[in-house]
Amino acid sequence: MKTLLETATVETAAGAFWLAARNGALVAAGFADSAPRLLARLETRFGPLEPHEASDPAGAASALGRYLAGERAALEAVPVDLGGTPFQRDVWAALRTIPEGTTITYAELASRVGRPLAVRAVGSANGANPVSVFVPCHRVVGKDGLRGYAGGVARKEWLLAHEKARPG
């Protein structure tokens with residue numbers, strides 16, 4: 001039996017953004033060029049998939065629109081089902097506590113999850129975030145400024161500028 005996914009693509013100033021929900025919760029989100037990678041991860045997690053276009057999977061498309069229009073808390077209300085290991089879930093939960101318009105370093109994130117020496121592992125968990133923007137991995141920067149981002153550094157810069165954050 002295939003897992004039903006509701007999917008949508010939302011146009012943004014930073015490029016097309018892809019969303020996927022299952023059972024009323026967002027399970028994947030990222031810029032559309034990352035959709036094949038996200039789908040592969042979902043297939044590993046859930047088995048065979050049956051994607052269907054939907055207008056507003058899990059309310060994520062409308063929440064994203066409100067976020068882009070400046071409503072600070074719009075993304076927080078979207079239910080997410082992240083999967084992941086207990087360590088990854090700890091990192092992803094900590095990401096959701098970083099206020100919009102601010103950034104923290106990977107070292108600070110590692111301290112927040114009680115693993116101050118696990119900076120690289122925290123970076124890997126941050127990079128494995130399945131619901132980009134909704135779990136704000138873009139708000140984490142290197143001690144010397146911006147670092148990589150699955151959607152590309154230019155998009156990370158755009159998101160931070162949209163949120164009025166200053167990297168570093």
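What this report covers is the structure whose coordinates are included nearby. Along every chain, residues carry numbers that run from 1 in the direction the sequence is written. In view of the model being predicted, local features appear only for residues whose pLDDT reaches at least 70, and side-chain atom pairs are presented and counted only at 80 or more, with totals across whole chains, interfaces and linings using the full set of residues. As a rule here, side-chain values come from all non-hydrogen atoms in the structure, and water together with hydrogens is ignored.

1. Here's the deal with the overall build of the chain
Using the following cut-off: Under the DSSP-based scheme used, a helix requires at least four consecutive residues in state H or I and a strand at least two consecutive residues in state E, with every element numbered from the N terminus. Only C-alpha atoms enter the radius of gyration, while the globule expectation follows 2.2 Å times N to the 0.38, with N the number of residues. Think of it in three bands: with a 1.4 Å probe and only protein chains considered, a residue is buried below 20% of the maximum accessible area for its type, exposed above 50%, and partly exposed in between. A contact between two residues is defined here by any heavy atoms of the two lying within 4.5 Å. Using a 1.4 Å probe, the Shrake-Rupley method yields the accessible areas, and only the shown protein chains count as cover for residues. The sign given to each residue is positive for Lys and Arg and negative for Asp and Glu; His and the chain ends receive no count. To locate a charge, take NZ of a lysine, CZ of an arginine, CG of an aspartate or CD of a glutamate.
Across its full length, the chain carries six helices and six strands. Reading the secondary structure of the chain in the N-to-C direction produces β-β-β-α-β-α-α-β-α-α-β-α. Expected size for 168 residues packed as a compact globule is a radius of gyration near 15 Å; at 15 Å, the chain falls within 12% of this value. Once the C-alpha set of the chain is aligned to its principal axes, its extents read approximately 45 × 35 × 25 Å. Considering the chain as a whole, with its 168 residues, one finds that 48% of them fall into the buried category. Restricting the contact set of the chain to residue pairs at least 6 apart, pairs at least 24 apart contribute 57%. Accessible surface computed for the chain: about 8100 Å², of which carbon and sulfur atoms make up 54%. Averaging the positions of the 19 positive and the 16 negative side-chain charges in the chain gives two centres separated by 8 Å.

2. What about helix α5 (residues 119-127)?
Which entries qualify depends on this criterion: Directions drawn from the helix axis to the C-beta atoms are what define this arc.
Residues of α5 that are buried: Val122, Ala125 and Asn126. Within α5, the buried residues cover an arc of 100° as seen down the axis, which keeps them to one side. Opposite the packed face of α5, turned more than 90 degrees from it, sit the exposed residues Arg120 and Ser124. For α5, the secondary structure elements touched by its buried residues are α3 (86-95), α4 (106-112) and β6 (140-141).

3. Quick notes on the packing of aromatic side chains
Operational definition: Only rings of Phe, Tyr and Trp enter the pairing, Trp through its six-membered ring, and a pair is recorded when the two centres are within 6.5 Å. The plane angle decides the type: under 30 degrees is stacked, over 60 is edge-to-face, the rest tilted.
Tallied over the full model, the rule gives one aromatic pair. Each ring, one from phenylalanine 17 and one from phenylalanine 31, has its centre 5.0 Å from the other, and the planes form 90°; the classification is edge-to-face. Of this pair, phenylalanine 17 sits in strand β2 (residues 15-22) while phenylalanine 31 sits in strand β3 (residues 25-31), and the two are 14 residues apart along the sequence. The exposure classification of phenylalanine 17 matches that of phenylalanine 31, with both residues buried.

4. Looking at the pattern of salt bridges
Note the cut-off: Just to be clear on terms, a salt bridge is a Lys or Arg side-chain nitrogen sitting within 4 Å of an Asp or Glu carboxyl oxygen.
One pass over the full model with this rule turns up six salt bridges. Between aspartate 81 and arginine 22 there is a salt bridge; the shortest N-O distance is 3.9 Å. Pair noted here: aspartate 81 is in the loop between α2 (60-68) and α3 and arginine 22 is in strand β2, with a separation of 59 residues, a long-range link. Taking relative accessible area as the criterion, aspartate 81 reaches 24% and is therefore assigned partly exposed.

5. A look at unusual backbone geometry
Excluding glycine, residues mostly have negative phi values, and the peptide bonds linking residues are mostly trans. Even without being glycine, asparagine 23 reaches a positive phi, approximately 50°. Assignment of secondary structure puts asparagine 23 in the loop between β2 and β3. One non-glycine residue, valine 133, adopts positive backbone phi at about 75°. Residue placement: valine 133 occurs in the loop between α5 and β6.

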